[in-house]
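Spelled out, the chains give:
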Amino acid sequence: MDFEELRPHLLRVGYRITGSLADAEDAVQEAWLRWSAHEAEVRDPRAWLTTVVGRICLDRLTSAAARRETYVGPWLPEPLVTAPDDEGPLAAVVRGEDLRLAALLLLERLTPAQRVALVLHDALGEAHAEIAAVLGCSEAAARQHAARNRRIVAGAGPLPPRVPAAAEEKVLAAFADALARADRQALLGVLHPDVVLTSDGGGAVRTALRPVVGAEPMVRLLAGLLRQYGADLDPAGWIPVRVNGEPGFATPATAGVTASATAITVVLDEAGEPRIAAARQVMNPAKLRVWW
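Summarised in this report is the structure supplied together with it. (Residues numbered from 1 in each chain as written. Predicted model: local features only at pLDDT ≥ 70, side-chain atom pairs only at ≥ 80, totals over all residues. Heavy atoms only, no water.)

Points about the nonpolar core
Core analysis: the largest hydrophobic core is formed by 50 residues, its most contacted members being Leu10, Val13, Tyr15, Ile17, Leu49, Val53 and Val116. Excluding residues that lie within four positions of it along the chain, Ile17 makes contacts with Gly54, Cys57, Leu61, Arg115, Val116 and Val119. In this structure, Val190, Ala215, Leu226 and Trp238 belong to the second largest nonpolar core, which totals 26 residues. (Core = buried A, V, L, I, M, F, W, Y, C linked by side-chain atoms within 4.5 Å. Buried < 20%, exposed > 50% of the residue type's maximum accessible area, 1.4 Å probe, protein only. Contact = heavy atoms within 4.5 Å.)

Re the sheet that holds strand β1 (residues 81–82)
Strand order in the open sheet formed by 7 strands is β1-β4-β5-β6-β7-β2-β3, with mixed pairing between adjacent strands. For this open sheet the edge positions go to β1 and β3 (212–213), each flanked by a neighbour on one side alone. Note that β1 and strand β4 (residues 239–243) share 2 bridges and pair antiparallel. Considered in β4, the bridge of Thr82 is made with Arg242. Packing of helix α9 (residues 165–180) onto the sheet brings it into contact with β2 (191–200), β4, β5 (246–251), β6 (260–268) and β7 (274–282), and relative to β7 it is tilted by some 70°. The sheet contacts of helix α11 (residues 215–229) involve β2, β3 and β7, and relative to β2 the element is tilted by about 50°. (Pairing = 2+ DSSP bridges. Helix = DSSP H or I, 4+ residues; strand = E, 2+ residues; numbered from the N terminus. Axes fitted to C-alpha atoms, helices over the stretch in contact; angles between N-to-C directions.)

Examining helix α7 (residues 128–135)
Taken residue by residue, α7 has His128, Ile131, Ala132, Val134 and Leu135 as its buried positions. Down the axis, α7 shows its buried residues gathered within 160° of arc, on one side only. Where the residues of α7 are buried, they touch α3 (45–68), α6 (112–124) and α8 (139–155). Backbone geometry just after α7 places Gly136 at a positive phi near 70°. (Arc of directions from axis to C-beta.)

Notes on the pairing of β6
One face of the sheet, then the other: side chains in a regular strand alternate in exactly this way. The element β6 is extensively covered by neighbouring structure, given that 8 of its 9 residues are classed as buried. In terms of strand pairing, β5 meets β6 through 4 bridges, oriented antiparallel. Across the sheet, Phe249 pairs through a bridge with Thr262, a residue of β6. Taken together, the 8 bridges between β6 and β7 define a ladder with antiparallel strand orientation. What sits directly across from Leu268, in β7, is Pro274. Two successive antiparallel strands, β6 and β7, enclose a turn made up of 5 residues, where Gly272 displays a positive phi of approximately 85°.

Examining the state of the cysteines
Applying the stated rule across the entire model yields 0 disulfides. The thiol sulfur of Cys57 is not disulfide-bonded, and the nearest other cysteine sulfur, from Cys137, lies at 17 Å. By relative accessible area, Cys57 is classed as buried at 0%. (Disulfide = S-S within 2.5 Å.)

Describing empty space enclosed by the protein
For the structure shown, the criterion picks out 1 cavity of 30 Å³ or more. Taken as a whole, the largest cavity holds about 40 Å³ of empty space. The wall of the largest cavity is formed by Arg100, Pro161, Arg162, Val163, Glu168, Glu246, Pro247, Thr265 and Val266. Elements with a minimum of two residues in the lining of the largest cavity: β5 and β6. A breakdown of the residues in the lining of the largest cavity according to their chemical character gives 4 nonpolar, 1 polar and 4 charged. (1 Å grid on protein atoms, 1.4 Å probe; cavity = no way out; pocket = protein on both sides within 12 Å on 5 of 7 lines; lining within 4 Å. Points joined across faces, edges and corners; volume = space filled by probe spheres on them. Nonpolar A, V, L, I, M, F, W, Y, C, P; charged D, E, K, R; others polar.)

Description of the packing of α6 against α7
The geometry of a pair of packed helices is captured by two quantities: the angle between their axes and the separation between those axes. Orientation of α6 relative to α7, taken along the N-to-C sense of each, is 150°, at an axis distance of 10 Å. Put simply, α6 runs roughly antiparallel to α7. The handedness of the crossing between α6 and α7 comes out as right-handed. Here α6 contributes Ala113, Val116, Ala117, Leu120, His121 and Leu124 to the contact with α7, which in turn contributes His128, Glu130, Ile131, Val134 and Leu135. Partitioned by chemical class, the residues of the contact of α6 with α7 number 8 nonpolar, 2 polar and 1 charged. (Parallel < 35°, antiparallel > 145°, perpendicular 65-115°, else oblique. Left-handed = near helix turned anticlockwise from the far one by under 90°.)

A closer look at the packing of aromatic side chains
Counted under the stated rule, the structure contains 3 aromatic pairs. With centroids separated by 6.4 Å and ring planes inclined at 55°, the aromatic side chains of Trp35 and Trp48 adopt a geometry described as tilted. Placement of Trp35 in helix α2 (residues 21–38) and of Trp48 in helix α3 is noted, with a sequence separation of 13 residues between them. Ring-pair connections join several aromatic residues into one group, and the members of that group are Phe175, Trp238 and Phe249. A cation over a ring is seen here: Arg68 above Trp75, with NZ or CZ 3.8 Å from the ring centre. (Phe/Tyr/Trp six-rings, centres within 6.5 Å; stacked < 30°, edge-to-face > 60°. Lys NZ or Arg CZ within 6 Å of the ring centre and 35° of its normal.)

What follows is the structure in structure tokens.
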């Protein structure tokens, strides 16, 4: 099997483990170097390369776990940003529920070893022996890891189901229009009452240090930002994108506002109307790439 055929799969595995596309790409590149030296000896390239990427990413995740204990404010994964009509390699990687930001944040509840076990179990099916080799434990222990992880993730409840693209476009357009007009009532009309805004600045830029919960608090925050930054927050400068497969927007840096990428989760309310249930905004420059 050609290595390039496996690259999207390996990037997906590495990104789910680390939450960083840069770390995933480095792990895949290192796996390729090892593969080049052992290709003739490998009977199952997919399994072999997946376990190699898993081993490399476990080391990176273990060191990253210590850094996250001192992270300033909420931590979000590095966003995977694609154009709405993108059909390229990255767009192929982000398809599927398991790379939505909410799904990746569920994995943060696990220890590094548990996270690797869960991701490799998904990637390799019932290959507990390979998972045990990566973790340095018995096959029985690897099987217990997988079962325990499933219970933890299942206990968090299912992700909100995706809504039709037309509904997503409708509510994002309404949100942008309401913000451009600084219309408080219109903003409240497009936000779910229990909406949550999470901003990741990592201490490098000023953001809310805790998630903002509820439509009223979020509108008050937006009103304050509009008063402070004015035209720099004009939605006319927003770039429609997909962030980890969900609708969202990217904003280039201006004189007053830092660049950002925001994923929006849209749900249908009891009347069947689309509402914004979550907004996850990454502003930490170390996690942002240039898309414009």
